[in-house]
Amino acid sequence: MKEIYGQFDPEYGKKADLHIHSNLSDGTLSPQQIVDLASHLEIDAIAITDHDMVHPAEIAREYVEKNNVPIELVIGSEITTETNGKRAHLIGLFLDSPIAKHQSVPKTLYEIHRQGGLAIIPHANFLHMGFSSFSEAELNNYLQTDDPEVYFDGFEVSNGGLLLVAKRKLFQGKAPPKAYDFALKFYRQHQEKLGAAIGSSDAHRMTLELSLTGYEDDLKSAITNAQTSVMAPDTYEEFTDQYSKAKDFFIQSEIQSERSRHLF
Ligand SMILES: [Zn+2]
Ligand SMILES: [Zn+2]
């Protein structure tokens, strides 16, 4: 893994994966399997962020508490906002209850913050392959607004889903990944308005860790104070290594139900 943004050594900090989907939404692992895998990979904090719901994250939290899993489980949701007939995802973290889909971006931001939650922009300006994202123009609009309710707490500088869909092109000739070029450039330009730099896997299968957020001490404070780093795989070998680690874990732990067989 390479630190593509940040100041502190990720070797000595903690790591979080803050955008993960379960089989109660459009993923394939159960909330419990996600916790088990994250624990095996020694990730310190995860957020389950299923589409327009929080109960999969609540199920995962119950499992963490019951089994004393040493993981901070963040209740999250990837919320489908709608503006002028166009849909775009927005991640809410540290939520108490689900937020209705198809509301405007200002209304969604207001509801996230009213719950004491944090709002993260996922896969910015990635408008292909079924990703519902804010375009660059829309992002610029929201960043220039005078509305004090319209603000973001974090921005995905790297999204594992983008790395995954584009993997063949990205790693040709073992060149460093390019999928985060737009996000990294945009983040550097507008850092003070975008909040913390976030790296997340957007895993729908076993691809946890394809991007990570580095932090120290308390996760919520680290995001609020924009004291984070972003890590992503640097080579095709690192990219596939994550896959092998996850696959080996499921084989070894004999989670070989009909469901997990077609994960591979
Ligand atoms: Zn999304
Ligand atoms: Zn997602």
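The sections below set out a description of the structure shown in this document.

Parameters at a glance
- Residues numbered from 1 in each chain as written.
- Chains lettered and ligands numbered in written order.
- Predicted model: local features only at pLDDT ≥ 70, side-chain atom pairs only at ≥ 80, totals over all residues.
- Helix = DSSP H or I, 4+ residues; strand = E, 2+ residues; numbered from the N terminus.
- Buried ≥ 20, exposed ≤ 12 C-beta atoms within 10 Å, placed from the backbone.
- Contact = placed C-beta atoms within 7 Å.
- Pairing = 2+ DSSP bridges.
- Axes fitted to C-alpha atoms, helices over the stretch in contact; angles between N-to-C directions.
- Parallel < 35°, antiparallel > 145°, perpendicular 65-115°, else oblique.
- Left-handed = near helix turned anticlockwise from the far one by under 90°.
- Nonpolar A, V, L, I, M, F, W, Y, C, P; charged D, E, K, R; others polar.

## Examining the overall build of the chain
Turning to step 1, where the next piece is worked out: Counting its secondary structure elements, the chain contains 10 helices and 10 strands.
Turning to step 2, where the next piece is worked out: Across the 264 residues in the chain, those meeting the buried criterion constitute 45%.
Turning to step 3, where the next piece is worked out: Taking the contacts inside the chain whose residues are at least 6 apart along the sequence as the reference set, 69% of them involve residues at least 24 apart.

## Quick look at the environment of phenylalanine 134
Turning to step 1, where the next piece is worked out: Inspection of the secondary structure puts phenylalanine 134 in the loop between strand S6 (118–121) and helix H4 (136–144).
Turning to step 2, where the next piece is worked out: For the pair phenylalanine 134 and alanine 88, spaced 46 residues apart in sequence, the C-alpha separation works out to 5.6 Å.
Turning to step 3, where the next piece is worked out: Those residues in contact with phenylalanine 134 that lie beyond four places of it in its chain are Ala88, Ile121, Ala124, Asn125 and Leu139.

## Notes on the sheet that holds strand S4 (residues 72–83)
Turning to step 1, where the next piece is worked out: Here we have 10 strands laid out as an open sheet, ordered S1-S10-S9-S2-S3-S4-S5-S6-S7-S8, and mixed in their pairing. Looking along the sheet, the strands with just one partner apiece sit at the ends: strand S1 (2–5) and strand S8 (196–200). For this sheet, the mean angle separating the axes of adjacent strands, direction not counted, is 35 degrees.
Turning to step 2, where the next piece is worked out: Each of strand S2 (14–20) and strand S3 (45–48) touches helix H1 (residues 31–40); the most contacted strand, S3, lies at about 160 degrees to it.
Turning to step 3, where the next piece is worked out: Helix-sheet contacts for helix H3 (residues 105–114) involve S4, strand S5 (86–93) and S6, and the interaxial angle to S4 is about 160 degrees.

## Overview of the environment of isoleucine 75
Turning to step 1, where the next piece is worked out: Of note, isoleucine 75 is situated in strand S4.
Turning to step 2, where the next piece is worked out: Note on isoleucine 75: 23 C-beta atoms within 10 Å, which makes it buried.
Turning to step 3, where the next piece is worked out: With 23 residues separating them along the chain, isoleucine 75 and proline 98 place their C-alpha atoms 9.7 Å apart.
Turning to step 4, where the next piece is worked out: Beyond its immediate chain neighbours, meaning those up to four positions away, isoleucine 75 contacts Val54, Ala57, Glu58, Arg61, Phe94 and Leu95.

## Looking at unusual backbone geometry
As a rule of thumb, non-glycine residues mostly have phi less than zero, and peptide bonds are mostly trans rather than cis.
Turning to step 1, where the next piece is worked out: Positioned with a positive phi, glutamate 42 is a non-glycine residue whose angle comes to about 60 degrees.
Turning to step 2, where the next piece is worked out: Tracing the backbone through its elements, the reader meets glutamate 42 in the loop between H1 and S3.
Turning to step 3, where the next piece is worked out: Among the residues examined, glutamate 42 registers 11 C-beta atoms within 10 Å and is labelled exposed.
Turning to step 4, where the next piece is worked out: A positive phi is found at aspartate 202, a non-glycine position, where the angle reads about 50 degrees.
Turning to step 5, where the next piece is worked out: Within the secondary structure, aspartate 202 sits in the loop between S8 and strand S9 (212–215).

## Considering the packing of H1 against helix H2 (residues 55–66)
Turning to step 1, where the next piece is worked out: In contact at an axis separation of 8 Å, H1 and H2 are set at 55 degrees when each is read in the N-to-C sense. The orientation of H1 with respect to H2, classified from their angle, is oblique. At the point where H1 passes H2, the crossing takes the right-handed sense. On H2, the residues that touch Pro31, Gln32, Ile34 and Val35 of H1 are Pro56, Ile59, Ala60, Tyr63 and Val64.
Turning to step 2, where the next piece is worked out: When grouped by side-chain class, the residues that make up the contact of H1 with H2 number eight nonpolar, one polar and no charged.

## Notes on the pairing of S6
Turning to step 1, where the next piece is worked out: Residues Leu118 and Ile120 line one face of S6 and the alternating positions Ala119 and Ile121 line the opposite face, and both faces are buried.
Turning to step 2, where the next piece is worked out: Of the pairings in the sheet, the one linking S5 to S6 comprises three bridges and is antiparallel in character. Counted as the bridge partner of isoleucine 91 is isoleucine 120 from S6.
Turning to step 3, where the next piece is worked out: Summarising the sheet, S6 and strand S7 (residues 154–159) pair through two bridges and their orientation is parallel. Its bridge partner being in S7, isoleucine 120 is matched across the sheet by glycine 154.

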